[in-house]
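Geometric and topological summary
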Amino acid sequence: MNTRNRWLMISVGLGMLLNPLNSSMVSVAIPRLQNAFHLDFTVVSWIIFSFYIASAISNPVMGKASDLFGRKKIFLIGLVVAFVSSILAPLSPNFGWLIVFRIVQSIGTSMMLSVGMAIIRIHITEKQATALSVLTIFQSGAAAIGPFIGGILIHWWDWSAIFFVNIPFVVVSFLLCWRTIPKDETPSSVARGMSFRQWLALIDASGIILFTVGLIALLVGLLSVKSSGSISFMNVIVGLIGLVALGAFVRHELQTKSPFIPLRTFAKYPALTWVNVQFMVVNALFYALFFGIPSYLQTVRHVSEFHTGILMLSLGLCSLIASPLAGRWIDKSGPRPALLVSAILMTLGSVWIVTWNQTSPVISVCLALAAFGISNGLNSVGMQAALFKSSPKEIIGVASGLFSTSRNLGAILSSLLISIVMGGTFSFAGFRELGIILTIIALSLVLMSWRRRESEELQETAV
């Protein structure tokens with residue numbers, strides 16, 4: 001790989017790591033935020049929900065915008081938005097404003113996450129799996145090491161430090177990307193002369209509103225039931241509003257000319273559908289543990305933020321080591337074997353968690369985290385390679401956005417699962433129940449990995 005491509009990957013990677021880094025550092029900060037704002041676990045969970053809901057909406061929109069307006073322009077704007085939100089979030093006067101700035105941060109970092117993959121796909125054409133493994137070191141490595149960094153920052157400073165730490169990454173990435181990302185080939189004149197109404201139709205504002213209202217209403221309905229311990233008439237109404245809105249969203253997306261999430265694309269490319277479904281399930285399992293284990297260590301085992309971050313480091317290091325090895329393996333054998341091994345490791349790790357008790361040795365925690373770290377490294381490279389293999393080049397911007405949305409939907413499902421199982425208080429009994437559920441999910445991933453070949457053969461036949 002030549003020097004130009006190396007610097008391009010470093011520049012883009014520094015921007016792309018901000019989204020997973022900020023999504024993961026907060027896992028260690030949840031108990032501190034509960035104390036700072038005097039809130040229960042269910043309410044504080046919205047610091048996670050808000051980030052991933054905003055990302056789920058932003059990724060496909062920004063993927064589409066990059067195809068139209070240019071990828072370099074969208075990437076640089078995302079860095080500016082991330083910079084502003086990182087300065088304002090620590091100044092939040094209450095939890096509501098913190099959520100607002102957290103949403104703005106999510107939008108800015110999502111602009112880089114969805115567009116960065118498309119930049120690499122277009123400008124680096126040789127040994128793409130190896131290139132993806134480098135990006136994975138930035139993305140998955142940042143996500144995995146996030147709790148370690150967050151734990152140190154919170155221990156020596158406070159929760160506000162997890163926002164301020166973004167600033168040097170943003171500045172360096174902006175300066176490098178300004179020079180290394182090639183000039184956009186897509187003419188911006190395509191969008192010139194558009195009225196505001198035409199722009200809203202282009203990004204499918206109606207679909208975005210239906211998706212947002214449906215998802216939030218459904219989450220509020222489900223979480224309210226668990227928090228109150230009873231099913232009220234209002235809970236039912238809110239949940240039904242969510243289901244109706246999501247049903248209307250599906251119908252709208254199938255009929256509109258410029259869908260927010262192109263559902264018809266899934267029907268046209270079965271392999272692409274399988275990639276996104278499997279990636280969503282992978283992330284539902286991974287993030288349930290990613291957010292669950294730090295809360296288990298701090299709340300149940302009374303481990304400090306600092307030592308929790310150190311324990312979580314075993315996950316990060318294993319992920320970093322596995323990613324480049326996975327890139328070389330996938331270049332030779334394709335993504336399927338790596339994804340199967342990853343699913344098996346997730347199953348073994350989930351079973352191992354079920355055996356824990358309140359006095360389990362630290363080495364037991366580290367072994368489980370190592371298994372999930374290796375599986376995360378294999379999954380991140382393998383799933384992205386599978387995405388590139390199943391996605392036509394002309395829709396790579398949209399496909400990258402959909403891929404990131406699948407990750408976010410999986411993270412939302414993981415947070416919902418934790419909140420439903422735990423309710424307002426994180427407990428050991430709830431954590432063990434969570435482990436049993438995750439074991440079942442991991443077994444489904446093993447089955448999905450076996451079925452990938454059938455889906456790929458279907459796509460080859462269609463082509």
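Residues numbered from 1 in each chain as written. Predicted model: local features only at pLDDT ≥ 70, side-chain atom pairs only at ≥ 80, totals over all residues. Heavy atoms only, no water.

A short note on the environment of Thr 42
With respect to the element layout, Thr 42 can be found in helix 3 (residues 41-44). Through-space distance from the C-alpha of Thr 42 to that of Leu 416 is 9.4 Å; in sequence the pair is 374 residues apart. (Helix = DSSP H or I, 4+ residues; strand = E, 2+ residues; numbered from the N terminus.)

Focus: the nonpolar core
Ranked by size, the top nonpolar core spans 121 residues in total, and within it Leu 33, Ile 47, Phe 75, Leu 98, Leu 285, Ile 293 and Phe 431 carry the most contacts. Residue contributions to this core peak at 16 residues, all from helix 14 (residues 270-300). Setting aside chain neighbours within four positions, we find Leu 33 in contact with Val 26, His 38, Val 44, Ile 47, Leu 98 and Trp 159. In terms of nonpolar packing, the next biggest core, distinct from the first, is built from seven residues, Ile 330, Ala 338, Leu 378 and Val 381 among them. (Core = buried A, V, L, I, M, F, W, Y, C linked by side-chain atoms within 4.5 Å. Buried < 20%, exposed > 50% of the residue type's maximum accessible area, 1.4 Å probe, protein only. Contact = heavy atoms within 4.5 Å.)

Focus on the pattern of salt bridges
Summed over the entire model, instances satisfying the criterion amount to one salt bridge. Ionic pairing is found between Asp 158 and Arg 32, a salt bridge with its closest N-O pair at 3.1 Å. With Asp 158 in the loop between helix 7 (128-156) and helix 8 (161-164) and Arg 32 in helix 2 (residues 18-37), the pair connects residues that are 126 residues apart, well separated along the chain. (Salt bridge = Lys/Arg side-chain N within 4 Å of Asp/Glu carboxyl O.)

Thoughts on the confidence of the model for the protein
Model confidence for the protein is summarised by a mean pLDDT of 79, while 86% of its residues fall at 70 or above. Taking the mean pLDDT of every element in the protein, the minimum, 72, falls on helix 10 (residues 196-203) and the maximum, 89, on helix 5 (residues 71-88). (pLDDT = per-residue confidence, 0-100.)

Observations regarding unusual backbone geometry
With phi around 60°, His 302 is a residue other than glycine that occupies positive phi space. Tracing the backbone through its elements, the reader meets His 302 in the loop between helix 14 and helix 15 (305-333). Overall, His 302 belongs to the exposed group, its relative accessible area being 66%.

A short note on the packing of aromatic side chains
Per the stated rule, a full pass over the model turns up 17 aromatic pairs. Measuring from ring centre to ring centre gives 5.8 Å for Phe 37 and Trp 159, while their planes differ by 50°; the resulting arrangement is tilted. On the criterion of sequence distance, the pair formed by Phe 37 in helix 2 and Trp 159 in the loop between helix 7 and helix 8 is long-range, its members being 122 residues apart. Just as Phe 37 is buried, Trp 159 falls in that class too. Aromatic pair Tyr 296 and Phe 428: ring centres 6.5 Å apart, planes at 35°, arrangement tilted. One end of the pair, Tyr 296, is in helix 14; the other, Phe 428, is in helix 19 (residues 428-462), and 132 residues separate them in sequence. Phe 428 shares its class with Tyr 296; the two are buried. One aromatic cluster in this structure is built from Phe 51, Tyr 52, Phe 286, Tyr 287 and Phe 291. The side chain of Lys 72 reaches across the aromatic face of Trp 178, ending 6.0 Å from its centre. (Phe/Tyr/Trp six-rings, centres within 6.5 Å; stacked < 30°, edge-to-face > 60°. Lys NZ or Arg CZ within 6 Å of the ring centre and 35° of its normal.)

A few points about the packing of helix 2 against helix 14
For any two helices packed against each other, the geometry is given by the interaxial angle and the distance between the axes. Axis separation between helix 2 and helix 14 bottoms out at 8 Å; the angle between their running directions is 30°. Relative to helix 14, the element helix 2 is oriented roughly parallel. When you trace helix 2 past helix 14, the crossing you get is right-handed. Contact with helix 2, carried on its side by Ser 23, Ser 24, Val 26, Ser 27, Val 28 and Pro 31, involves Tyr 287, Phe 290, Phe 291, Pro 294 and Gln 298 of helix 14 and no other residues of that element. In terms of residue class, the contact of helix 2 with helix 14 is built from seven nonpolar, four polar and no charged. (Axes fitted to C-alpha atoms, helices over the stretch in contact; angles between N-to-C directions. Parallel < 35°, antiparallel > 145°, perpendicular 65-115°, else oblique. Left-handed = near helix turned anticlockwise from the far one by under 90°. Nonpolar A, V, L, I, M, F, W, Y, C, P; charged D, E, K, R; others polar.)

Considering a nonpolar patch on the surface
Where nonpolar side chains cluster on the molecular surface, the patch consists of Val 80, Phe 83, Val 84, Leu 88, Leu 91, Val 171 and Leu 175 and spans about 580 Å² of accessible area. The set of elements that each furnish at least two residues to the nonpolar patch consists of helix 5 and helix 9 (166-180). Within the fold, Phe 83 resides in helix 5. Overall, the relative accessible area of 30% leaves Phe 83 in the partly exposed class. (Patch = residues over 30% accessible without salt bridge, like charges linked within 9 Å, V, L, I, M, F, W, Y side chains within 5 Å. Areas by Shrake-Rupley, 256 points an atom, 1.4 Å probe, with all protein chains shown as cover.)

Notes on the side chain of Ser 375
Looking at where Ser 375 falls in the secondary structure, it is placed in helix 17 (residues 362-390). Polar side-chain contacts of Ser 375 include one of 2.9 Å to the backbone oxygen of Phe 372. Other than its neighbours up to four places away in sequence, Ser 375 contacts Ser 342, Leu 345 and Met 346. (Polar contact = N/O pair within 3.5 Å; in protein donor to acceptor, adjacent residues only side chain to side chain.)

Thoughts on the packing of helix 5 against helix 9
At a minimum axis distance of 9 Å, the contact between helix 5 and helix 9 shows a crossing angle of 160°. When the axis of helix 5 is compared with that of helix 9, the two are roughly antiparallel. Here the hand of the crossing between helix 5 and helix 9 comes out left-handed. Here helix 5 contributes Lys 72, Phe 75, Leu 76, Leu 79, Val 80, Ala 82, Phe 83, Ser 86 and Ile 87 to the contact with helix 9, which in turn contributes Asn 166, Ile 167, Val 170, Val 171, Ser 173, Phe 174, Cys 177 and Trp 178. Its residues assigned to classes, the contact of helix 5 with helix 9 shows 13 nonpolar, three polar and one charged.

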